[in-house]
Amino acid sequence: MELEMFDFIEKSGKYLENCRDELEIACNNIELYFQEILLSNNEGYLNINSRIKSISSLEEKILRNNYYKKYKCPEELFSNLSDLIGVRIECRFIEDENKIYKMLKKHFDKVDSKGYYYNLEKDTIKLKLSEKQPQNQKNGFKIFRIDGVYESTNKTINFELQIKSLVNIFWGEIEHKIIYKNNSYILVDEFFKDMMSSIKKNLSMIDNQLLIMYNQANKLNTIDPIIRKAQLESVVSKIIYDIFSVKMKKSIGFIVDFRKSCDAIMKYIFHTNNTENIQDYNKALLNILSRINDIGKNPMDFNNEIKFEKEVYFDDNFSDIIGSNILELINKDFQWNIFFRILFEIELGNNTEDFQAYIKFIRSRFYYNDCFLELYKLFKSEEAEIIINTLMENVAYSFKDVDSIGFIYDCNIEKIKDGIEDIVKLICANINSFEEWDKFKNIYLELLKLKVLSVFHCNVKVDKVKDYMKKIKQYPNTKIEIRTSILECLDKLETSDEIEAKEVIKIFKI
């Protein structure tokens, strides 16, 4: 014979299903009403989510709280169940939670005989605003949780309103999955509780840091927008690092420093969001934080290989050289693996599309270089394009020699672009025709490669340096000379097999 409690649970589930259409109407009306209020006031509001309690959640709650003992029938249970409908107002920062609550208190300015507050414009939706907010939870943390009622012609339906910032939404998901929905005995361990408390404090600290940055960016409109963007990128980069380092520790047992990769990823994401002004920065920031909230819910295995849904194709030689080389390294070099693992998690497309888009971005960082405009002044358009593509390919081949993820870091890209600019100036000063370029191009390309390698403190073979010196002597028209005063460097050529590219450059007078 079935236990009496399960008979009560089954009847309650059926009662919920029978009421679902009515609850759906109430839920939509409540959500639309709060959306209307918030849009007119705009107090840090981002979004509204609502839901009707599921049968499984209802059954679990009845058992957990012994409601089968407390109430005689489903109708009595439903009239006392405060969160039959749940509505959540989502906002930017913890500080915005209090602002929205105060705004609601101001809007709901009338009170009925039962202590519920309402507005004359819509007196069917009421809030119990007499209770102290935010409320203390059992876990010791605070939450803006307000009981409400929706009064239809037939009945009164209870709902629960929560106001949560992005950080507290993220924390709530962690706690709900790890503690609330987990019955493992280990969760009563004091160490585990202390760790969860520490995580909550860290999230609150991050929220405060973001708020400071957000307010500062909005107040100081005279600050250079490049500086403002860099500040936002730095903060978000740290958040990304913190989130993924925890996942890495859990997956492989230790953490490898990948902070510069996070910086490079943020540079890319802010660029693809077309962040041309501070409002765009803020919008991109909030979108990324929302995405991080979703990522935080998912496990990540750092041991698995990165896979692509289809074959990767490239549109030009530069992209093909760079992209093909990275594809060979992506599951062999841990830093490249981490970089694209994080990038693919944050970006919502498939891996193939995301990879191709990122390689295009890297190409654009080099290709859209103001110094290339000078080439169009000296040469025909098609000739200038050939020279530019040749220089770009030279940089791409140098990437293979560098063999480091540092190649895509912003500071190094800028140094490489400076090297390209030096070579372009040299070409414009000394080359008078495309035929002349074709004759002497290897001289300039080898010098560009030395400049790229010097950025990464790479060594070059002494034999190649000597061969290059012979070419310089053979073609004096290039206006590149060998310094006679660099005795120390010349001495190294006689005593070593390799020499640092930075030292080689010192040999030449340009």
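Owing to the predicted nature of the structure, the values given are computational and were not obtained by experimental measurement.

A.B. asks: Talk me through the overall build of the protein chain; I want residue IDs and the actual numbers.
C.D. replies: What the protein chain contains, in helices and strands, is 21 helices and twelve strands. Taken across its 510 residues, the protein chain has 47% of its residues classed as buried. Long-range pairs, those at least 24 residues apart, make up 71% of the contacts in the protein chain between residues at least 6 apart in sequence. For the protein chain, the exposed surface amounts to about 27300 Å²; the carbon and sulfur share of it is 48%.

A.B. asks: Explain the nonpolar core to me, and be specific about the residues and the numbers.
C.D. replies: Phe340, Phe366, Leu391 and Phe407 are the most contacted members of the largest nonpolar core, which totals 103 residues. By residue number, the principal contributor to this core is helix α18 (residues 434-455), which donates twelve residues. If near-sequence neighbours (up to four positions away) are discounted, phenylalanine 340 is found in contact with Ile306, Ile326, Ile330, Phe355 and Tyr358. With 43 residues, the next largest nonpolar core counts Cys19, Ile48, Leu58 and Leu127 among its residues.

A.B. asks: Before we move on, can you summarise the pattern of salt bridges with the specific residues and values?
C.D. replies: With the rule as written, the count across this model stands at 29 salt bridges. Residue lysine 14 pairs with glutamate 10 through a salt bridge whose shortest N-O separation is 3.5 Å. Here lysine 14 and its partner glutamate 10 are both found in helix α1 (residues 4-18), four residues apart, which amounts to about one turn of the helix. Ionic pairing is found between lysine 61 and aspartate 83, a salt bridge with its closest N-O pair at 2.9 Å. With lysine 61 in helix α3 (residues 55-64) and aspartate 83 in the loop between α5 (74-80) and β2 (85-91), the pair connects residues that are 22 residues apart, well separated along the chain. Across this residue pair, the class does not change: lysine 61 and aspartate 83 are buried. Each of the salt bridges in this network shares a partner with another, and the network as a whole consists of Arg51, Lys53, Lys61 and Asp83.

A.B. asks: Tell me about the side chain of asparagine 430, and name the residues and values.
C.D. replies: Among the secondary structure elements, asparagine 430 is positioned in helix α17 (residues 410-430). The class for asparagine 430 is buried, based on a relative accessible area of 10%. Reaching out from asparagine 430, the side chain makes a polar contact with the backbone oxygen of leucine 426 at a distance of 3.0 Å.

A.B. asks: Give me helix α13 (residues 334-346): which residues, what numbers.
C.D. replies: Taking 1.5 Å of rise per residue, 13 residues should cover 18 Å, and α13 covers 18 Å from first to last C-alpha, within 8% of that figure. By the criterion of burial, α13 is predominantly enclosed, with ten of the 13 residues buried. All buried positions along α13 are accounted for by Trp336, Asn337, Ile338, Phe339, Phe340, Arg341, Ile342, Leu343, Phe344 and Ile346. Here α13 starts with a cap whose side-chain oxygen sits 2.9 Å from the backbone nitrogen of glutamine 335, and that cap is aspartate 333.

A.B. asks: Explain the packing of helix α10 (residues 259-272) against α13 to me, using residue names and the numbers behind them.
C.D. replies: The geometry of α10 relative to α13 is characterised by a closest axis approach of 10 Å and an angle of 35° between their N-to-C directions. Note on packing geometry: the crossing formed by α10 with α13 is right-handed. The residues of α13 that touch α10, namely those facing Ser261, Ala264, Ile265, Met266, Tyr268 and Ile269, are Gln335, Phe339, Ile342, Leu343 and Ile346.

A.B. asks: Would you mind going over the packing of aromatic side chains in detail, with residue names and values included?
C.D. replies: Counted under the stated rule, the structure contains 28 aromatic pairs. Their ring planes at 85° and their centres at 5.7 Å tell us that phenylalanine 340 and tyrosine 358 sit as a pair that is edge-to-face. Note that phenylalanine 340 is positioned in helix α13 and tyrosine 358 in helix α14 (residues 351-367), a separation of 18 residues in sequence. Assessed through its relative accessible area of 0%, phenylalanine 340 is described here as buried. For tyrosine 358, a relative accessible area of 1% corresponds to the buried category. Cation over ring: lysine 126 sits above tyrosine 118, and NZ or CZ is 5.2 Å from the ring centre. Above the ring of tyrosine 241, the side-chain terminus of arginine 259 is found at 5.8 Å from the ring centroid.

A.B. asks: Residue-level account of the side chain of glutamate 90, with values.
C.D. replies: Mapped onto the elements of the fold, glutamate 90 is located in strand β2. Here the side chain of glutamate 90 touches arginine 88 through a polar contact of 2.7 Å, side chain to side chain.

A.B. asks: Break down the pairing of β2 for me, citing the residues and quoting the values.
C.D. replies: Along β2, six of the seven residues are buried, which leaves the element largely enclosed by surrounding structure. Summarising the sheet, strand β1 (residues 45-52) and β2 pair through seven bridges and their orientation is antiparallel. When the sheet's bridge partners are listed, isoleucine 52 is paired in β2 with isoleucine 85. Two elements, β2 and strand β8 (residues 156-165), share seven bridges in a ladder whose sense is parallel. Its bridge partner being in β8, isoleucine 85 is matched across the sheet by phenylalanine 159.

A.B. asks: So what's going on with the environment of lysine 61? Which residues, and what values?
C.D. replies: A relative accessible area of 13% means that lysine 61 is categorised as buried. Expressed as a C-alpha distance, the spacing of lysine 61 and isoleucine 9, which sit 52 residues apart in the sequence, is 9.8 Å. Not counting residues within four places of it along the chain, the set of residues in contact with lysine 61 comprises Lys53, Tyr67, Leu81 and Asp83.

A.B. asks: Describe in detail the environment of alanine 230, supporting the description with residues and values.
C.D. replies: If you trace the backbone, alanine 230 turns up in helix α9 (residues 225-252). With 33 residues separating them in the primary sequence, alanine 230 and aspartate 263 have C-alpha atoms 9.7 Å apart.

Conventions adopted
- Residues numbered from 1 in each chain as written.
- Predicted model: local features only at pLDDT ≥ 70, side-chain atom pairs only at ≥ 80, totals over all residues.
- Heavy atoms only, no water.
- Helix = DSSP H or I, 4+ residues; strand = E, 2+ residues; numbered from the N terminus.
- Buried < 20%, exposed > 50% of the residue type's maximum accessible area, 1.4 Å probe, protein only.
- Contact = heavy atoms within 4.5 Å.
- Areas by Shrake-Rupley, 256 points an atom, 1.4 Å probe, with all protein chains shown as cover.
- Core = buried A, V, L, I, M, F, W, Y, C linked by side-chain atoms within 4.5 Å.
- Salt bridge = Lys/Arg side-chain N within 4 Å of Asp/Glu carboxyl O.
- Polar contact = N/O pair within 3.5 Å; in protein donor to acceptor, adjacent residues only side chain to side chain.
- Expected span 1.5 Å × (residues − 1).
- Axes fitted to C-alpha atoms, helices over the stretch in contact; angles between N-to-C directions.
- Left-handed = near helix turned anticlockwise from the far one by under 90°.
- Phe/Tyr/Trp six-rings, centres within 6.5 Å; stacked < 30°, edge-to-face > 60°.
- Lys NZ or Arg CZ within 6 Å of the ring centre and 35° of its normal.
- Pairing = 2+ DSSP bridges.

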